[in-house]
Amino acid sequence: MSTSVIRLARLTGRLLLGLAAVATLAVVFLALISLTDGAGSGLVAWATTLGAGVALALWRGRRRTRWARLVPFLPVAVAAALTATVCVPTVPTTRQYPPALPFVATQHWNLSTGSRVAVYHYPPANSRARHPVPLVYLNGGPVRGISVIDHRFLRHLARKGYDVYAYEQAGGGRSELLPMSQYSISRSVRDLAAFVDRLGKGDVDVLGFSSGGTVLTRALAEPRVAERLHRAVIAEPGPMDGPTARLDGHRGRPSARGLAPDVSGPRSTHVPRYAVAFGLMRLGFLTPDTGLIGQAEGDNAFAAADLGGDTASAYCARDAHRIPDEDTARNFSFSPAASLRVQRTVRDSPSIAPKLRRSRTPAMLMIAECSSQVRRWATAILAHDPAIRRTQYLPGVGHRLWNGLDDNNERAAAVISAFLQDRPAPLPNFPTREEIPTFLRDRG
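Please read all numbers here as calculations on a predicted model, not as lab measurements.

### Some details on the pairing of strand 1 (residues 107–110)
Okay, so step 1: By the bridge criterion, four bridges tie strand 1 to strand 2 (residues 116–122) in an arrangement that is antiparallel. From the neighbouring strand, Asn 110 faces strand 2, where its bridge partner is Arg 116.
Okay, so step 2: Where strand 1 hands over to strand 2, the hairpin turn is made up of five residues, of which Gly 114 adopts a positive phi near 105°.

### A short note on the pairing of strand 7 (residues 363–370)
Okay, so step 1: The element strand 7 is extensively covered by neighbouring structure, given that eight of its eight residues are classed as buried.
Okay, so step 2: In this sheet, strand 8 (residues 388–398) lies alongside strand 7 in parallel orientation, the contact comprising seven bridges. Residue pairing for strand 8: Leu 365 is matched across the bridge by Thr 391.
Okay, so step 3: On the question of chirality, the crossover connecting strand 7 to the parallel strand 8 by way of helix 14 (residues 375–384) is right-handed.

### Some details on the sheet that holds strand 2
Okay, so step 1: Read across the open sheet, the eight strands follow the order 1-2-4-3-5-6-7-8; overall the sheet is mixed. What marks the edges here is a single partner per strand, and that holds for strand 1 and strand 8. Strand-to-strand twist in this sheet, taken as the mean axis angle between neighbours without regard to direction, amounts to 25°.
Okay, so step 2: Across the face of the sheet, helix 4 (residues 148–159) comes into contact with strand 2, strand 3 (135–138), strand 4 (164–168) and strand 5 (204–209) while running at roughly 45° to strand 2.
Okay, so step 3: Packed on one face of the sheet, helix 15 (residues 408–420) meets strand 3, strand 5, strand 6 (229–235), strand 7 and strand 8 and runs near 180° to strand 8.

### Description of the pattern of salt bridges
Okay, so step 1: Under the counting rule described, the total for this entry stands at 20 salt bridges.
Okay, so step 2: Across the salt bridge formed by Arg 95 and Asp 299, the nearest N and O atoms sit 3.8 Å from each other. Residue Arg 95 is located in the loop between helix 3 (73–84) and strand 1, and its partner Asp 299 is located in helix 10 (residues 295–301); the two are separated by 204 residues in the primary sequence. Like Arg 95, the residue Asp 299 is buried in the burial classification.
Okay, so step 3: The closest approach of N and O atoms between Glu 369 and Arg 318, which form a salt bridge, is 3.9 Å. In this pair, Glu 369 is assigned in strand 7 and Arg 318 in the loop between helix 11 (309–312) and helix 12 (336–347), connecting sequence segments 51 residues apart.
Okay, so step 4: Since its relative accessible area comes to 55%, Arg 318 is described here as exposed.
Okay, so step 5: The network of salt bridges with shared partners includes Arg 130, Asp 163 and Lys 201.

### Brief notes about the state of the cysteines
Okay, so step 1: Summed over the entire model, instances satisfying the criterion amount to one disulfide.
Okay, so step 2: Here Cys 316 engages in a disulfide with Cys 370; their sulfurs sit 2.1 Å apart. Looking along the S-S bond of the Cys 316-Cys 370 disulfide, the torsion reads about 95°, which is the right-handed sense. A residue pair is termed long-range when its members are at least 10 positions apart, and Cys 316 in the loop between helix 11 and helix 12 and Cys 370 in strand 7 qualify at 54 residues. Of the two residues, Cys 316 and Cys 370, neither departs from the other in class, the shared state being buried.

Each value, and the rule that gives it
Residues numbered from 1 in each chain as written. Predicted model: local features only at pLDDT ≥ 70, side-chain atom pairs only at ≥ 80, totals over all residues. Heavy atoms only, no water. Pairing = 2+ DSSP bridges. Helix = DSSP H or I, 4+ residues; strand = E, 2+ residues; numbered from the N terminus. Buried < 20%, exposed > 50% of the residue type's maximum accessible area, 1.4 Å probe, protein only. Right-handed = clockwise from strand over helix to strand, strands pointing away. Axes fitted to C-alpha atoms, helices over the stretch in contact; angles between N-to-C directions. Contact = heavy atoms within 4.5 Å. Salt bridge = Lys/Arg side-chain N within 4 Å of Asp/Glu carboxyl O. Disulfide = S-S within 2.5 Å.

Nothing here speaks to function; it is geometry throughout.
Next up, the structure:
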């Protein structure tokens, strides 16, 4: 074997050892991030990892010549530089709220619960068809700003004579943040009751979409909240409690997930700090109130493209190449940590079925053909709430029932209007309680 080959083999071996050392230190750093819950913006884990790396480098170089002693420090320096990027914020650490919308005024209401929420009002544009009961909208998220596509639908309802109010739940959109420990599904229900009281117009109709449907379902199970509600429309709900959250099984017909083009735009998950923070949070290795990134920083960093395939999963496969822009970059707002905490309080909550069986508020359930939600989340509500008067299965749409495509907004509005005005349903009442087994078997 020639000398050059031997030298190349030795150099390759040293490089591999160096890379292994860098990788080992990075793994140690991530483990310490988890063990310390990101204390001090990750600097506790970083300093500990650096100290361990320096100590190991000193031990490895103790018998080497003067300059050779520096070689073991090279992987330590590289690892220190790489892991330091996880500790340095790249966005403001105080909350940067979205600017005002050009087509609706943003009000801020102080609720009796202590929440300060952003409120939007769309007065009825059709006085001849004016509906006497105010309509309150609860958006999905759980802690997310109301998207432009939702605002368009709310204006659509206002043009049909509804007096529409919507508020962004505490921590979402232009609403002020709460301490992380205060986010919970119970707080969301109390905020709904406090909002209706603050509105001061008597009983209200409520339209709850996705996680907003979860809030509404749980409100129906609380007599002191339910007595404020005139009628309830539960659209594409999330799980209502812990036992429901653990259900699995069929979802709707194929969605556009994996078929639609990737969402364009910047991603916080391309930045090491936020990729590590959001990734470990989602895996359960960091708590929502981690010391690695603050709530405000996480909200500022998270972008629409970070949702990835979640947006596409809200549309039917046939719409994969014409998914509309649901929001603008300036209006988009999502709180990953607060949302995760609310979801965990749902998952950790006991069954609300016994209380829901006593519900008397007239309710309607809306289910999409291509829903990305687990079917049994919706059918659990249908099975346990005796006050659900009708179920409307909407063909041709996904989880995002109103999306501006074709006549989907008009169809969704027709279904909602018919129920709120106690008129005959435009679609068959399907599934009924008796048809739940067939529905789960045939509509997966």
